[in-house]
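# Understanding the architecture of this molecule
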Number of protein chains: 2
Amino acid sequence: MTQLKINHLSRKFGHHEVLKDVSLTLEPNKIYGLLGRNGAGKSTLLNIISNRIFPSSGSVKIDDQSVIENDRLLSNMFLMSEIDMYSERMKIEKIFKQTELSYGSFDWTKARQLVQKFGVKLDAKFGGLSTGYHSIVKLIIALSVPVDYVFFDEPVLGLDANHRELFYQELLQTYEDRPRTFLISTHLIEEIAPIVEHVFILDKGKILIDGETQSIVANSYAITGPNQAVEQYTDGLNVIGHNTLGGLRTDYVYGSLDDSRVIPDTVKIEHVDLQKLFVYLTDGGDYNVEK
Amino acid sequence: MTQLKINHLSRKFGHHEVLKDVSLTLEPNKIYGLLGRNGAGKSTLLNIISNRIFPSSGSVKIDDQSVIENDRLLSNMFLMSEIDMYSERMKIEKIFKQTELSYGSFDWTKARQLVQKFGVKLDAKFGGLSTGYHSIVKLIIALSVPVDYVFFDEPVLGLDANHRELFYQELLQTYEDRPRTFLISTHLIEEIAPIVEHVFILDKGKILIDGETQSIVANSYAITGPNQAVEQYTDGLNVIGHNTLGGLRTDYVYGSLDDSRVIPDTVKIEHVDLQKLFVYLTDGGDYNVEK
């Protein structure tokens, strides 16, 4: 296995440029998070990577070969998306069999385990299931197909907390059993943060952050204290947001702090979690989020 | 304003008993959480309270009067549900006007503020909006209608992290400005926990927990240490789940710890958050969730 490389990808719908010169690399056997607000271009990106739609310009390559219309490379990818691709009247077992035919094989042992753990009925018709169970059936397929690249677009939509935990656990288990590359797009950032090694933040069609989860969080700070002390301390740092409560102020900083600065006794410095960082980075900075 | 009292409510669909003898009380001006797995009966309960469906037995009363077919009491309630009640072709502003007609008044100042903050277009047609924006339009209505009881069924479905934070913030703000009763059903338990004062956990149609959020969390423990030491310490306590990793074991306990017990040096006791407690309580206890 080699890298999957996305080079200078752009996509317009009419006059609207949904993706703007996006470049990124997926290494083999790694779990990635793709984060972005509604409308940031995440689904478009995933659809282009998996050849469901074409880019306006740019390329997606594996091993220097374009994936576009390349059946060999495409049969090594699976996209689980919000859109249901299955006939309403088809039974779950039939959907699994059809998937086996398309992909040449199917991990029935894994699928049967997951069917049992999630409480899916194999003879139920797809159309008769709830939003949550639509997601679950598609998750089971995504974890049972014989591919090296699995892309998830909102995998846990409609799932209750128990089923979300079960999914995260099964994802890590299957990754341990057979390492491959996962790219997960989700709005539940706090829950996915412990799982993803590397994060892409897409904002208004552009890559805003491309880095290891650990180092992103290590570079995210909340600086709290009396108004003046905080403003003085953070002056010139990369302040991405703030909020105030009475005389108390919190500045959110992304990037390294300046070691030469004296930290006033009244000021407290803490790390910010990935979801809070995301909210501040993608909010344009002028919107006040209370803790 | 007086209490809303639900007494011995049951509901069958065919042979399936979705709600089983549910009793609970909503005090005036309080924020409640209604938690439950998919299929636990939450939506059925909310639909019965707001008279969209009838109970098989039991009653819903305000001030000792049944709400069933009682227009005066029902016009003091609003249910925001997953089901879209609005015509696809109707414009957002028209939907607001229609709501004003049904409820006798409408807080246009609040609605216009929220429209601006969430980035809604008043002349957009409801059917043209995404899942996330369907939720947003319904949230705005729920916060602008002149009622004393607001019920939310999955209010943040499809919302990105920024819009979820904005909703929680606006909910608290409107509650401060005009106290009333909110009952919120959601799968995002960790996010709602700081907002709800009181929690109902519904499991397989029955009320499993009915208590103040703070005291529920105060009575939830994770006890971690060497296998034998933990098992010995928790013997006879209300262990609702456990997990093991090598020789290390964590037991999850709900209820008070026995003060007379000696805590071994090797054992660590921590509190568990509401979402984790929920997962253990509603999983039947036989399912192993890794941290």
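All values reported here derive from a predicted model rather than from experimental measurement.

Thresholds applied
Residues numbered from 1 in each chain as written. Chains lettered and ligands numbered in written order. Predicted model: local features only at pLDDT ≥ 70, side-chain atom pairs only at ≥ 80, totals over all residues. Heavy atoms only, no water. Helix = DSSP H or I, 4+ residues; strand = E, 2+ residues; numbered from the N terminus. Buried < 20%, exposed > 50% of the residue type's maximum accessible area, 1.4 Å probe, protein only. Contact = heavy atoms within 4.5 Å. Core = buried A, V, L, I, M, F, W, Y, C linked by side-chain atoms within 4.5 Å. Buried area = accessible area lost by both parts, 1.4 Å probe. Salt bridge = Lys/Arg side-chain N within 4 Å of Asp/Glu carboxyl O. Polar contact = N/O pair within 3.5 Å; in protein donor to acceptor, adjacent residues only side chain to side chain. Nonpolar A, V, L, I, M, F, W, Y, C, P; charged D, E, K, R; others polar. Pairing = 2+ DSSP bridges. Axes fitted to C-alpha atoms, helices over the stretch in contact; angles between N-to-C directions. Least-squares fit on C-alpha atoms with pLDDT ≥ 70 in both. Phe/Tyr/Trp six-rings, centres within 6.5 Å; stacked < 30°, edge-to-face > 60°. UniProt positions renumbered as here; feature names shortened; annotations may be inferred. Domains from an automatic or database assignment. Patch = residues over 30% accessible without salt bridge, like charges linked within 9 Å, V, L, I, M, F, W, Y side chains within 5 Å. Areas by Shrake-Rupley, 256 points an atom, 1.4 Å probe, with all protein chains shown as cover. Lys, Arg positive; Asp, Glu negative; His and termini not counted. Charge placed at Lys NZ, Arg CZ, Asp CG, Glu CD.

## Details of the overall build of chain A
The helix and strand tally for chain A stands at 10 helices and 14 strands. By principal-axis analysis of the C-alpha atoms, chain A measures approximately 65 × 40 × 35 Å. Burial statistics for chain A: of 291 residues in total, 55% are counted as buried. Partitioning the contacts of chain A with sequence separation of at least 6, the portion at a separation of at least 24 is 69%.

## Notes on the nonpolar core
Membership of the largest hydrophobic core comes to 122 residues, with the highest contact counts inside it found for A:Phe96, A:Phe152, B:Phe96 and B:Phe152. Among residues more than four places away in sequence, those in contact with A:Phe152 are A:Leu46, A:Met80, A:Leu139, A:Ala142, A:Leu143, A:Phe167, A:Leu171, A:Phe182, A:Leu183, A:Ile184 and A:Ser185.

## Concerning the interface of chain B and chain A
With 29 residues of chain B in contact, the opposing surface of chain A contributes 29 residues. Across the chain B to chain A interface the summed buried area is about 2400 Å²; carbon plus sulfur atoms make up 43%. Here chain B is connected to chain A by four salt bridges. With its nearest N and O atoms 3.1 Å apart, the salt bridge here joins B:Asp160 to A:Arg37. Taken together, chain B and chain A are joined by 20 residue pairs in polar contact (both at pLDDT 80 or more). Contributions of two or more residues to the side of chain B that touches chain A are made by α6 (161-177), α7 (189-192) and α10 (274-281) of chain B. Partitioned by chemical class, the residues of the side of chain B that touches chain A number 10 nonpolar, 10 polar and nine charged.

## Brief notes about the sheet that holds strand β4 (residues 57-62) of chain A
What links the strands of a sheet is backbone hydrogen bonding, and the strands pair in either a parallel or an antiparallel sense. All names here are of chain A. Strands sit in the order β2-β1-β4-β5 across an open sheet of four strands; the sheet is antiparallel. Pairing within the sheet leaves two strands with one partner each, and these edge strands are β2 (16-26) and β5 (65-66). Judged from the five bridges that link them, strand β1 (residues 4-13) and β4 form a sheet pairing that is antiparallel. Bridging from a neighbouring strand, Lys 5 pairs with Lys 61 of β4. Set on the sheet, helix α1 (residues 42-49) makes contact with β1, β2 and β4; between it and β1 the angle comes to about 120 degrees.

## Brief notes about the relation of the copies chain B and chain A
Rotating chain B by 180 degrees and translating it 0.0 Å along the rotation axis places it on chain A, where the RMSD comes to 0.0 Å. Both copies of the chain, as the preceding transformation shows, are related through a two-fold rotation axis. Nearest to the rotation axis, the C-alpha of B:Leu157 is located 3.8 Å from it, this being the minimum over chain B. The overlap is high: 100% of the interface residues of chain B also sit at the interface in chain A, so the same surface is used on both sides.

## Notes on the packing of aromatic side chains
Residues and elements named next belong to chain A. Counted according to the given criterion, the structure contains 24 aromatic pairs over all chains. Consider the rings of Tyr 32 and Phe 200, whose centres lie 5.4 Å apart with planes at 10 degrees: the pair is stacked. Of the two residues, Tyr 32 is situated in strand β3 (residues 31-36) and Phe 200 in strand β9 (residues 198-203); the sequence distance between them amounts to 168 residues. When its relative accessible area of 1% is taken as the criterion, Tyr 32 is described as buried. Its relative accessible area of 1% is what places Phe 200 among the buried residues.

## Re the UniProt feature "domain: ABC transporter" (unreviewed entry) in chain A
Cross-referencing UniProt, the feature "domain: ABC transporter" (unreviewed entry) maps to residues 4-229 of chain A in the present numbering. Along residues 4-229 of chain A one finds 35% helix and 31% strand; the C-alpha atoms at either end are 47 Å apart.

## Thoughts on the pairing of strand β3 (residues 31-36) of chain B
All names here are of chain B. With respect to burial, β3 is a largely interior element, six of its six residues being buried. Of the two faces of β3, both are covered, the one formed by Ile 31, Gly 33 and Leu 35 as well as the one formed by Tyr 32, Leu 34 and Gly 36. Examined bridge by bridge, β3 and strand β8 (residues 181-185) share four bridges and lie parallel to one another. Bridge pairing links Tyr 32 to Leu 183 in β8.

## Regarding the domain arrangement of chain A
Many descriptions give the size of an interface as the accessible area lost when the pieces come together. All names here are of chain A. Here the domain parsing of chain A yields domain 1 (4-204) and domain 2 (216-283). The gap between the C-alpha centroids of domain 1 and domain 2 is 35 Å. Between domain 1 and domain 2, the contact holds 11 residues from the first and eight residues from the second. Here domain 1 and domain 2 share an interface that buries about 890 Å² over both sides, 72% of which is from carbon and sulfur atoms. On the domain 1 side of the interface with domain 2, the three residues burying the most area are Arg 37, Ile 189 and Ile 201, jointly 49% of the side's total. Counting across the interface, domain 1 meets domain 2 through one salt bridge. Where domain 1 packs against domain 2, one counts three residue pairs in polar contact (both at pLDDT 80 or more).

## Observations regarding the sheet that holds strand β12 (residues 239-245) of chain B
Residue and element names in this part refer to chain B. Judged by pairing direction, the sheet is antiparallel, and its four strands sit side by side in the order β12-β13-β11-β14 without closing on themselves. Unpaired on one side and paired on the other, β12 and β14 (268-271) mark the two borders of the sheet. The sheet shows a mean angle of 20 degrees between the axes of neighbouring strands, taken without regard to direction. Here strand β11 (residues 220-226) runs beside strand β13 (residues 248-254); their pairing, made up of seven bridges, is antiparallel. Within β13, the residue paired with Thr 224 across the bridge is Thr 250. Of the strands in this sheet, β11, β12, β13 and β14 touch helix α9 (residues 227-234), which is tilted by about 140 degrees from β11. Lying over the sheet, α10 contacts β11, β12 and β13, oriented at roughly 100 degrees with respect to β12.

## A word on a negative patch on the surface
A surface patch of negative charge is lined by A:Glu190, A:Asp273, B:Glu190 and B:Asp273. Within the secondary structure, B:Asp273 sits in the loop between β14 and α10.

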